[in-house]
Amino acid sequence: MTDADPTLWTLFLSTVALRPYVFVFLAVYLFSNTLVFGFLQTLWFTVGGYFLVFLAEFSSTRTGFPFGFYYYIDTTRQQELWLSDVPFMDSLSFTFLAHASYMTALFLCAPLWRRRSDVQIVDTKAIRRSPSVLVLTVTLFVLLDIVIDPVALQGSRWFLGQIYGYYEEGVYFGVPLANFLGWGIVGLALVMLHRVLDGVYRSRPRRAWGMAWVPYRGLIGPLLYLGVFGFNVAVTFMIGEHTLGVVDLFLLSPLVILAWTQIRRPSNQATQRDLEAHCEDFPASPLRRRLWELAS
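Computed from a prediction, not measured in an experiment: that's the story for all the values here. (Residues numbered from 1 in each chain as written. Predicted model: local features only at pLDDT ≥ 70, side-chain atom pairs only at ≥ 80, totals over all residues. Heavy atoms only, no water.)

A.B. asks: If you had to explain a nonpolar patch on the surface to someone new, which residues and values would you point to?
C.D. replies: A surface patch of nonpolar side chains, amounting to about 690 Å² of accessible area, comprises Phe 39, Leu 43, Trp 44, Val 47, Phe 51, Leu 83 and Trp 209. The residue Trp 209 is located in the loop between helix H7 (177-202) and helix H8 (217-238) in this model. By relative accessible area, which is 51% here, Trp 209 ends up exposed. (Patch = residues over 30% accessible without salt bridge, like charges linked within 9 Å, V, L, I, M, F, W, Y side chains within 5 Å. Areas by Shrake-Rupley, 256 points an atom, 1.4 Å probe, with all protein chains shown as cover. Salt bridge = Lys/Arg side-chain N within 4 Å of Asp/Glu carboxyl O. Helix = DSSP H or I, 4+ residues; strand = E, 2+ residues; numbered from the N terminus. Buried < 20%, exposed > 50% of the residue type's maximum accessible area, 1.4 Å probe, protein only.)

Put into structure tokens, the structure is as follows:
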């Protein structure tokens, strides 16, 4: 490193300044994941997930697996953190996208404890490990990429900047189908990592630091998902890609209807049996303590 080169700390601060929207989403993820799964699980999932995705991107830029062949343009190397030929923020963003997808899947599959000023997800070990949650999480994860990648590919037209490209133009608004397949593979790997860590820290309640009751905690993950989706749709319309924006809204509408139905449907209200099963599976759950306080 020469005297003119920025320091690591300077590059980090510059990364935050250059990509503030990424770090807003990241902060919401860290808050949400810690409330539900605890600080240690959040720490290890963030670190482990980052390096898992980095390896996938490092491999793809050289071998084409799993995302297909693409390349990063290092015009911002003096403005933000890079690891080898991959921007730091790019691999990091997969962690909050995976969390948002997973919490949305749980929201759609588990009973809800609802009050006028609160919504909580009353899940169990069986629900968390069910094939439906697994498939839905990966599907929602890929759906985010279907919205994100075409507009990110047009980064020169908005404040992202042109940071990457494909060697051959893809069939979906310039994005190759191999990229979506790669997201499915990586999404599956991230879900499995989350399950392993969840099992480790669920079995050690004393290590579940940070888990806490917050009103509407059950909506934070789904709202993060909606926020990321909405941000990219807004940018899509902002740059004049109206056809793509309409397609994105078409893809989003069934999900919004399903989520609204999930909240309003009386049959989805958690029963006493659901609450007992949740508390038995998750002894450190703040829902257990909160229900005891309400009953006393």
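Let us keep going from here.
A.B. asks: Go over helix H6 (residues 131-152) with me, naming the residues and quoting the values.
C.D. replies: With 22 residues, H6 extends 31 Å between its outermost C-alpha atoms, agreeing within 8% with the 32 Å of an ideal straight helix rising 1.5 Å per residue. Counting buried positions over the 22 residues of H6 gives 16, a clear majority of the element. (Expected span 1.5 Å × (residues − 1).)

A.B. asks: Could you give me a rundown of the pattern of salt bridges, with the residues and numbers involved?
C.D. replies: For the coordinates displayed, the defined rule picks out 6 salt bridges. Notably, a salt bridge pairs Asp 198 with Arg 128, separated by 3.0 Å at the nearest N-O pair. Residue Asp 198 is found in helix H7, and its partner Arg 128 is found in helix H5 (residues 125-128); the two are separated by 70 residues along the sequence. Glu 241 serves as the salt-bridge partner of Arg 157, at 2.6 Å between the closest nitrogen and oxygen. With Arg 157 in the loop between H6 and strand S6 (164-166) and Glu 241 in the loop between H8 and helix H9 (242-264), the pair connects residues that are 84 residues apart, well separated along the chain. Taking the relative accessible area as the measure of exposure, Arg 157 reaches 39% and is therefore partly exposed. Because the salt bridges share partners, they merge into one network encompassing Asp 123, Arg 128 and Asp 198.

A.B. asks: Outline the environment of Phe 88, supporting the account with residue identities and numerical values.
C.D. replies: Within the fold, Phe 88 resides in helix H4 (residues 88-109). Residues Phe 88 and Gly 64 lie 24 residues apart in sequence; the distance between their C-alpha atoms is 20 Å. Not counting the four nearest positions on each side in its chain, Phe 88 is found in contact with Tyr 50, Leu 81 and Trp 82. (Contact = heavy atoms within 4.5 Å.)

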